[in-house]
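This is what each chain is made of:
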Amino acid sequence: MQVLVTRPRGQQQALMDAPRQAGYQPLHSPALHIEPLPVSDTTRRVLMDLDLFHAVFFASSNAARLALAAMADIWPQWPVGVHWLAVGKATAAEITRWHLQPTVPDGGFNSEAVLSLLCLQQLTEKKVLLCRGDSGRELLAQTLAERGAEVVTLPFYRRLPCAAFHCPAQCNWVMVTSRKAGEPSAKKFHLTSGWWLPGSEWPLISVRNMPVQCEWRPVPMMKICWPLCLLHKEHE
């Protein structure tokens, strides 16, 4: 069985190792290209007040890498008393590279899991900075604002479709790690708009009517592994 990993180039290795260790053959074709955004004057002014924030959240390892690089240009020493929040383990590892102590949810790699963190429960008159791409779910910002926080969102990159993305004819499954990354696959296989469930873990799209059961569910970083869509015919 062959599994197509669609992570951006240079970020696919961990996800290719998982199916390989489980006896499957991983393939790679990046669905998205990560393009860093210039640090604007507005972004720089916000980062100059970094010490006023109760918490800083990084929506991905890309967000952490680019945002922390911009912060380090302004702050030779990191401000104290800030909660550095990661959406998952890869993002936490990137934060650690900058000699900071990240806080990461015990379970889940999404906004719902982040919202369960203790430091985000009582937020009246507190500021929270969200570092992310130029698009994404708004649940986190909305919920934090409802809890009384002043939320500031800064984009540090954009995700662009890769023109060269393709799914080999022999591929059985396509693995996607975000709704944006899944759009090229959804378009290729004519999936309906409901193929992605908000808050779900990374789905597998069945290309060849494979069984619903995913044998390598216990693989690290794959807390739930299941196809959201089973196509009714093979696509060559």
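Residues numbered from 1 in each chain as written. Predicted model: local features only at pLDDT ≥ 70, side-chain atom pairs only at ≥ 80, totals over all residues. Heavy atoms only, no water.

**Q** Give a description of the overall build of the protein that names residues and reports values.
**A** In terms of helices and strands, the protein carries 7 helices and 11 strands. Burial analysis of the protein (236 residues in total) assigns 51% to the buried set. Looking at the protein as shown, the accessible area adds up to about 12,000 Å², and 53% of this sits on carbon and sulfur atoms. (Helix = DSSP H or I, 4+ residues; strand = E, 2+ residues; numbered from the N terminus. Buried < 20%, exposed > 50% of the residue type's maximum accessible area, 1.4 Å probe, protein only. Areas by Shrake-Rupley, 256 points an atom, 1.4 Å probe, with all protein chains shown as cover.)

**Q** Report on the packing of helix 3 (residues 61–72) against helix 4 (residues 89–97), specifying residues and quantitative values.
**A** Interhelical geometry of helix 3 versus helix 4 gives an angle of 20 degrees and a closest axis separation of 8 Å. Viewed along their axes, helix 3 and helix 4 adopt a mutual orientation that is roughly parallel. Crossing hand, helix 3 versus helix 4: right-handed. Between helix 3 and helix 4, the residues in contact are S61, A64, R65 and L68 and A90, T91, E94 and I95, respectively. Residues belonging to the contact of helix 3 with helix 4 are distributed by class as follows: 4 nonpolar, 2 polar and 2 charged. (Axes fitted to C-alpha atoms, helices over the stretch in contact; angles between N-to-C directions. Parallel < 35°, antiparallel > 145°, perpendicular 65-115°, else oblique. Left-handed = near helix turned anticlockwise from the far one by under 90°. Contact = heavy atoms within 4.5 Å. Nonpolar A, V, L, I, M, F, W, Y, C, P; charged D, E, K, R; others polar.)

**Q** Can you lay out helix 6 (residues 139–146) for me, pointing to particular residues and giving the numbers?
**A** Of all the positions in helix 6, only L140, A141, T143 and L144 are classed as buried. Looking one or two places after helix 6, you find G148, whose phi comes out positive at around 105 degrees.

**Q** Go over the pattern of salt bridges with me, naming the residues and quoting the values.
**A** When their charged atoms lie close together, side chains carrying opposite charge are able to pair. The final tally for this structure, using the stated rule, is 5 salt bridges. A salt bridge links R20 to D17; the nearest nitrogen and oxygen atoms lie 3.0 Å apart. One end of the pair is R20 and the other is D17, both in helix 1 (residues 13–21) and 3 residues apart, which spans about a single turn. The exposure class assigned to R20 is partly exposed, which follows from its relative accessible area of 42%. As a salt-bridge pair, E112 and R137 come within 2.7 Å of each other at their nearest N and O atoms. In this pair, E112 is assigned in helix 5 (residues 111–115) and R137 in the loop between strand 7 (127–133) and helix 6, connecting sequence segments 25 residues apart. Classification of R137 by relative accessible area gives partly exposed; the value is 35%. (Salt bridge = Lys/Arg side-chain N within 4 Å of Asp/Glu carboxyl O.)

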